[in-house]
Amino acid sequence: MIGCTVSGSEVSSRTSEYQKQSSPRGKRSPKNSPEKQIAHQSCRQCFSTKMLSSNARTRQLNGTCASSVDMELFLHYSLIPSLFVILVLSLLQRREHHRQRDDASYLLGNRFRMIIPLDFVGTFRNRWSYGVAFGAAANKVMFLFSEGYQPLQVPQWAQAFVLLIGGIEVGLSHFPFFACLSSEFRLVSSILGFSYSLIWFAVTTLHITQCPHGQFVGKYETVVFYWPSLLCLAFLLGRFLYMFVKSLRVHLGWELQTEEKPFLEVHQAEHVKQLLRKCPLQEREKSWFQIRIYEWDPYFQFPSRMIGTTVLAFICLYLFIVIEFCMFVYVRDELDVFEGELESYVASMNQTGTLTPVLLQVKELINVTKGVWVVTILPASLTCVSYLFHILACYRKQMKRLWAGDKHFLPLKFHNPSSSESVVAIARYSGWQIAYILWGYLIIHVMQSLCGLVIMYSLVLPVIHNQALEMLRGLGIGILTISIVLGLMVLQVWIAASFFLQPKMGTADKQKPLALNNRRAFHNFNYFLFFYNVLLGLGACLCRLLISCILGTWLIARIDRTILQSGCERADMGFSAWIGMLYVDHYHTNPVLVSFCHILITGHRERRLQQAIKYWYLNQSAGLMVVGEKESTIPASSLVGEQTHTELSLPHPLGWGTDQN
């Protein structure tokens, strides 16, 4: 407890001033004596002053911590080892088509090929490793999202270019994580990836240990912000260590090297086999969870892009909620100061001023708003988390429908999308999905807070202020009014079905035919209800506006469905990106198409191998062979190497792997 002492002279002086201002007829009881009121007021002011001073002292102590590691500066310097890793991995790559040129590039031979960090279309291996690599960059993504990247002083209109440079820098600094995971040189890439991850892990740990506390959350604020990225870096360290051990065993000959990226994935082949099987006569029973929530499909796998986007969205959502809570703590402290000033003013006016009721209502509004905002953090966050899982379920359902040739769930304008827009959509989707989730959380939180305020002022506060009867009376009148309006609308439908429609044509018909009956009564019915429906339409219009606002704000984070009306779907850029991404995945990962191309490539390789073996037997005595119509002096002993090179240089039927460097 914080003690408070008030001097007797101060109390006596305030008492005399208070008695001079009071009415001579007013007799006070000992309970409400001016001495006790003034002493209580002084103690309350002293208590609030000491509390604010202690909070300021805590912030000052937390703010005095100066870490020797500047994470923003380290982001710039991390480009040096990043470029070194990229250069080493690029030099290890071999170009399939090498051309002799006159410049100095001939010194590299067929070395130095462009590396890719991640195949955003057809990668199904190491999905969670790629997702964790995205999670390691969550703090930097939030840094860009808050527009905190300002290395240059540029005009307002050039901020987009600065953010573009910042995005490229963040991507380049985290490029080695993905490049080392996807490189085919497992031994070298595991060493480079482990070293680079260890640098980031050590610097992040040093930054956390030197300044674990902060100015808003207080204790362990830095830990709260950086533990997801630190956990992702620890996972990457373990992953690269596992890659090193496994590749070392393969290099020593203790294990056989397996094909890292087959053309036809196992789940795609199993999906095609399932299509060729006969449908069972009786389907197995499904549980409530499988019917209502989610049913596991062993023949479907989400690509690495979807897994990485989901993991990064989860971590960014967590960081966004923490940042929002820090802002709430700051605003709450400022409101506490303002509330203390209001209390001082009300106490100085002895609760007799003209503004006292208004100030008390403002104070009550502040307290209710703070409570409602804290309470709605959980439902708003759970709503966005459920959206992330639901988007994955919708992706699987819509992809299967596209594979089956069903496009009826799409608007007509998206049945034949532009190819260029679809290619751009595959690059936009991941970033836009995360941004939609973050902004959607904030909008949903505000909307739920407003709904909470309505509930508090309409149901809870009247009970607290002993106005429960008035509240119930008003609630009953409102419910009765709405019930009468809805009853009249239902009555119109019942009258139309009973008197103004001809009877059913057959006993099996579910409803009466759309054929008028009793036309004279029908026209009178329409005439007299015309004027009433004008007033009813006003309420229906307001109800339409209210429902549109609620559904629009509630579904703003859902990028997989549009919130615009039919015919205006193209104006929804997020939904357009979703549709374009679906079409790219549909055209490049359709199991039937991939299986067909796999059969063609396999048959082509077998024919080339049989032809090569035939020529080898014919030219075995001479030690030479003829490939096609051209003669070449290739020794027979190099046949296997030539065949391997031939298989690797085959063009892909879909255009994959035809990188002309």
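If you're wondering where the values come from, they're calculated on a predicted model, not measured in any experiment.

Cut-offs used in this document
Residues numbered from 1 in each chain as written. Predicted model: local features only at pLDDT ≥ 70, side-chain atom pairs only at ≥ 80, totals over all residues. Heavy atoms only, no water. Helix = DSSP H or I, 4+ residues; strand = E, 2+ residues; numbered from the N terminus. Buried < 20%, exposed > 50% of the residue type's maximum accessible area, 1.4 Å probe, protein only. Contact = heavy atoms within 4.5 Å. Core = buried A, V, L, I, M, F, W, Y, C linked by side-chain atoms within 4.5 Å. Domains from an automatic or database assignment. Phe/Tyr/Trp six-rings, centres within 6.5 Å; stacked < 30°, edge-to-face > 60°. Lys NZ or Arg CZ within 6 Å of the ring centre and 35° of its normal. pLDDT = per-residue confidence, 0-100. Salt bridge = Lys/Arg side-chain N within 4 Å of Asp/Glu carboxyl O.

1. Digging into the side chain of Glu339
If you trace the backbone, Glu339 turns up in helix α13 (residues 304-348). Taking relative accessible area as the criterion, Glu339 reaches 9% and is therefore assigned buried. Look past the residues within four positions of Glu339 in its chain and what remains in contact with it is Lys363, Ile366, Asn367 and Lys370.

2. Observations concerning the nonpolar core
Among the nonpolar cores identified, the biggest contains 83 residues, and Tyr395 and Trp578 are the most heavily contacted of them. Sort the elements by how many residues they give to this core and α13 lands first, with 13 residues. Residue contributions to this core reach at least three from each of two domains, namely domain 1 (68-93 + 112-263) and domain 2 (306-588). Ignoring any residue separated from it by four or fewer positions in sequence, one finds Trp578 in contact with Ile391, Cys394, Tyr395, Gln398, Tyr429, Ile559 and Asp560.

3. As for the packing of aromatic side chains
Tallied over the entire structure, the rule returns 21 aromatic pairs. With centroids separated by 5.6 Å and ring planes inclined at 70°, the aromatic side chains of Trp227 and Tyr318 adopt a geometry described as edge-to-face. Within this pair, whereas Trp227 is found in helix α10 (residues 221-251), its partner Tyr318 is found in helix α13, the two being separated by 91 residues in sequence. Tyr318 sits in the partly exposed class, given a relative accessible area of 27%. Judged by centre distance (6.3 Å) and plane angle (80°), the rings of Tyr395 and Trp578 are edge-to-face. Of this pair, Tyr395 sits in helix α15 (residues 377-403) while Trp578 sits in helix α19 (residues 573-589), placing them 183 residues apart in sequence. The two residues Tyr395 and Trp578 agree in class, both being buried. Joined through ring pairs, the aromatic side chains of Phe300, Phe302, Tyr395, Trp403, Tyr429 and Trp578 make up one cluster. Here the basic side chain of Arg570 rests over the ring of Phe414, its NZ or CZ set 5.0 Å away from the ring centre.

4. Looking at the confidence of the model for the protein
Counting all residues, the mean pLDDT for the protein is 78, and 78% of those residues have values of 70 or more. Within the protein, helix α21 (residues 639-648) has the poorest average pLDDT of any element, 39, and α15 the best, 92. Across residues 1-62 the pLDDT falls below 50, and counting only partners more than four positions away or on other chains, this stretch makes 44 contacts in the model. Here residues 624-661 is a poorly scored stretch, pLDDT under 50, and it has 42 contacts once near neighbours within four places are set aside; other chains count.

5. Some remarks on the side chain of Lys370
With respect to the element layout, Lys370 can be found in helix α14 (residues 356-375). Look at Lys370 and you get buried, because its relative accessible area is 13%. The contact partners of Lys370, leaving out residues within four places of it in the chain, are Phe328, Arg332, Leu335, Asp336 and Glu339.

6. Notes on the pattern of salt bridges
What the rule picks out here adds up to 11 salt bridges. For Arg277, the salt bridge goes to Glu270, with nearest N and O atoms at 4.0 Å. A salt bridge links Lys363 to Glu343; its shortest N-O distance comes to 2.7 Å. Taken together, the residues Lys363 in helix α14 and Glu343 in helix α13 connect sequence positions 20 residues apart. Overall, Lys363 belongs to the partly exposed group, its relative accessible area being 24%. Judged by relative accessible area, which is 25%, Glu343 ranks as partly exposed. Ionic contacts of the salt-bridge type, sharing partners, join the residues Glu270, Lys273 and Arg277 into one network.

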